[in-house]
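# Architecture and fold: a report
One-letter residues, chain by chain:
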Amino acid sequence: MTQSRWLPYALLAPAMVFLGVLFFVPLVQTIVLSFQGDAGFGLGNYGKMVGDLNFGLSIRNTFLLVLTVIPLQVALALAMGLMLQKMTFGRDVVLWVWTIPLGVSDLAAGLVWLALLQNTGYVNSALFAMGLIPGPTAWLNSETPVTLFVAVVLAEVWRATAIVLVILVGGLQLIPKEFAEAAEIFGARPWTRFVKITLPLLKPSLQSALILRTVLAFEVFAVVYALGGRNFPVLVGEAYAWQRDNQNYGVAAAYAVLIMIISLAATVFWLRVLRVKPEVQG
Amino acid sequence: MTKSLRYALLAAVAVTTAGIATTGGIGRANAQDLVFLSTQLRPIEEAQKVREMVLKGAPKTTYVVDEPSPFTVRMKAEVEANKHTVSVVGALHGELQPLVPMGALDAIDDVAAKVASRGIPAGLMELGKLGSGKQLYIPWMQATYVMVVKKDALPFLPAGADVNALTYEQLAAWGKAIQEKTGQRRIGFPAGPKGLMARFLQGNLYPSYTASMVTEFRSAEAEKMWGDFKAVWASVNPNSTNYDFMQEPLMAGEVWIAWDHVARVKDALTAAPGDYQVVAPPAGPKGRAYMPVVAGLGIAKGAPDRANAVALIEHLSKPETQVLVAKELGFFPVVNATLPADLPAGVKLLSEGVAKTQNAKDAMVALLPIGLGDKGGEFNKVYFDTFQRIVLRNEPIKATLDAQAGAMRDIMTATKAPCWAPDKASDGACPVK
């Protein structure tokens, strides 16, 4: 065997070992664990998961969040990306500022928003100082589900729009200017150019962005935990509660498997819906 | 395979395993010291006080703290790997219980003999056997749950009510009066993710109404209890489902009347002892139930340094060490020790509150769950879920209790745990009527 043939494998080996030991093995263990219960091997943990009072709620809340947050983020990121395209001066500075939230951990982001929105938080103080509210107002408890949901959406949009933006900006830069210029000569209006040229050519980037964001959105946890605790159950939060508070690793594993299946399904969904034909690919 | 590839693979394996090894080794740097792993006195200031003051005069010790769940996992891992770093463990009664079936605790009847003269009550020593017949832990320190009342709330006390002998009806009326006069709901409970709400339901509310924690779970008395508690909740601050430690909303002025573990209200009392009163929790028709909390010290089976572990436990159970812990950390002695008159004002308030609770003429002891092993978390969940459904989600009381009693029965059958006080002793698993 010559050096050039085995070298790539040797270079890949550390990564493979790493993934194998720290990803694949735990994955298999989790799946096995989810079928092991008090009564031996079976679906007991899944039964317990589905029968729990927070199960339906956590599914509902997670999907509600995904369905609200993702369209908002894509729309925002598209708008921001297109604005960046038009900028000539200071573009890098703006892009840099917009991507700052990317560097903030999600728990830290949750705590920042908690500091803003809790009873004694900055928003309460500001509104009180302006005379708009009579005293500290609670927004984040079980009796105020709507404002709690809005707060979580705000925090998620603030925290994770940047990742969509970065991918879309990369995609926008790949679209040759000639298409738009040609369309303009033929009299296409800006909206038509956006719908007929930019969007279709942006499909591959949109697909990557949507897959990444959707999978991450189904795993939303730290922001919700910081803002709402147990008042707004989500799937990963339930997995955490079963593992940490209830100390039932089997049910926690069942939740983990469910989240994995949902994430896989979402990935397949975006791959099919936004399929890019090979001949269209740049 | 060529030689270089083999080296590359070896290097990869070495790097990954080294990474695992370095993250896994607490106390590795001080391998020669005695490792004392504790789930108690965890916050950084408390741990520092343990290291700098409490352990003075003890054998050289590395004091390591961990949360209850990783604590159990860690002890299990040490047993399974048969590689021991921890010598002494300090944890609550209920956290030491799961270590028994995994064989992580050594029998320490020898230590029990050595501390016999310290005057630890026989009932507490019996708890330390964890139902095994051998001494598995030595009681370390104790605490309980109390009510803290801000003096601002006293003018609104309903006529005829004694703040030191409240009933749940009076508490509801009091909260209502405060709400009407100040516009705020000022009663608070720690119903947040890390709060101890389940302990309130198990140790205070249920026994006060039913003289039971498990058996009478869905009795007529329990139905009345939930009805009464919903009336209390009408004047409870809705942010309660976010509260973990009641000292925070007390200090922020959001809450005037709070129930919590003494250690979780201590900061508020220390910060402004003149503002508060510590009183016994309310009583129900069957009495004024309270839950004593006992932390114990055990020695790990296979401990690297058993001789010094024994010496450390002896040191920690000396009356002067116990008084020091009470003074600095707010946990009370289990041995025969007189608290000095110069206690910090906040701790003095707490110790008076604990005394009022224990010595109330209608006092009733409700023990922490015994014999549930790793089902302790799910046991708590039954109570919290019931509370969520009935009080927060307004589901019908009877139907909810019937459904939740099923979950409770499953836990009892699975663990075969016999009843503990205040439930009457049972042969076999504690029944849920």
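Everything quoted here is computed from the prediction, not taken from an experiment.

Another aspect to go through is the domain arrangement of chain B. Residue and element names in this part refer to chain B. As far as domains go, chain B holds domain 1 (3-143 + 293-343) and domain 2 (145-292 + 362-415). Taking only C-alpha atoms into account, the centre of domain 1 sits 31 Å from that of domain 2. Opposite the 12 residues of domain 1 that make contact, domain 2 presents 13 residues. For the side of domain 1 that touches domain 2, the secondary structure elements donating two or more residues are α4 (93-96), β4 (138-143) and β10 (293-299). In terms of residue class, the side of domain 1 that touches domain 2 is built from 6 nonpolar, 6 polar and no charged.

Our focus in this paragraph is the sheet that holds strand β6 (residues 187-188) of chain B. Residue and element names in this part refer to chain B. With mixed pairing, the 4 strands of this open sheet are ordered in space as β6-β7-β5-β8. Edge positions in the sheet fall to β6 and β8 (276-279), since each of these pairs with one other strand and no more. Where strand β5 (residues 145-150) and β8 come together, 4 bridges link them in antiparallel fashion. Paired with Lys150 across the bridge in β8 is Tyr276.

Moving on, we come to the packing of helix α9 (residues 220-233) of chain B against helix α16 (residues 397-415) of chain B. Residues and elements named next belong to chain B. Two numbers describe how α9 lies on α16: the axes approach to 10 Å, and their chain directions differ by 120°. Considering their axes alone, α9 and α16 lie oblique with respect to each other. Between α9 and α16 lies a crossing whose hand is right-handed. On α16, the residues touching Ala222, Glu223, Trp226 and Gly227 of α9 are Ile397, Lys398 and Leu401. The class makeup of the residues in the contact of α9 with α16 is 4 nonpolar, 1 polar and 2 charged.

Residue and element names in this part refer to chain B. Of the residues in chain B, 93% reach a pLDDT of 70 or more, and the chain-wide mean stands at 87. Below pLDDT 50 for its whole length, residues 1-29 participates in 20 contacts with residues either more than four positions away or in separate chains. In the predicted complex, the global pTM is 0.81; the interface-specific ipTM is 0.84.

Turning to the interface of chain A and chain B, a few remarks are in order. At the junction of the two partners, chain A supplies 24 residues and chain B supplies 26 residues. Here the side of chain A that touches chain B takes 7 residues from helix α1 (residues 3-35) of chain A, the largest share from any one element. Residue composition of the side of chain A that touches chain B, by class: 10 nonpolar, 9 polar and 5 charged.

The next point concerns the pairing of strand β7 (residues 257-261) of chain B. All names here are of chain B. Across the 5 residues that make up β7, a large majority, 5, are buried. Bridge analysis of β5 against β7 gives 5 bridges, and the strand direction is antiparallel. What sits directly across from Tyr145, in β7, is His261. Two elements, β6 and β7, share 2 bridges in a ladder whose sense is parallel. Across the sheet, Ile187 pairs through a bridge with Ile257, a residue of β7.

Cut-offs and rules
Residues numbered from 1 in each chain as written. Chains lettered and ligands numbered in written order. Predicted model: local features only at pLDDT ≥ 70, side-chain atom pairs only at ≥ 80, totals over all residues. Domains from an automatic or database assignment. Contact = placed C-beta atoms within 7 Å. Helix = DSSP H or I, 4+ residues; strand = E, 2+ residues; numbered from the N terminus. Nonpolar A, V, L, I, M, F, W, Y, C, P; charged D, E, K, R; others polar. Pairing = 2+ DSSP bridges. Axes fitted to C-alpha atoms, helices over the stretch in contact; angles between N-to-C directions. Parallel < 35°, antiparallel > 145°, perpendicular 65-115°, else oblique. Left-handed = near helix turned anticlockwise from the far one by under 90°. pLDDT = per-residue confidence, 0-100. Buried ≥ 20, exposed ≤ 12 C-beta atoms within 10 Å, placed from the backbone.

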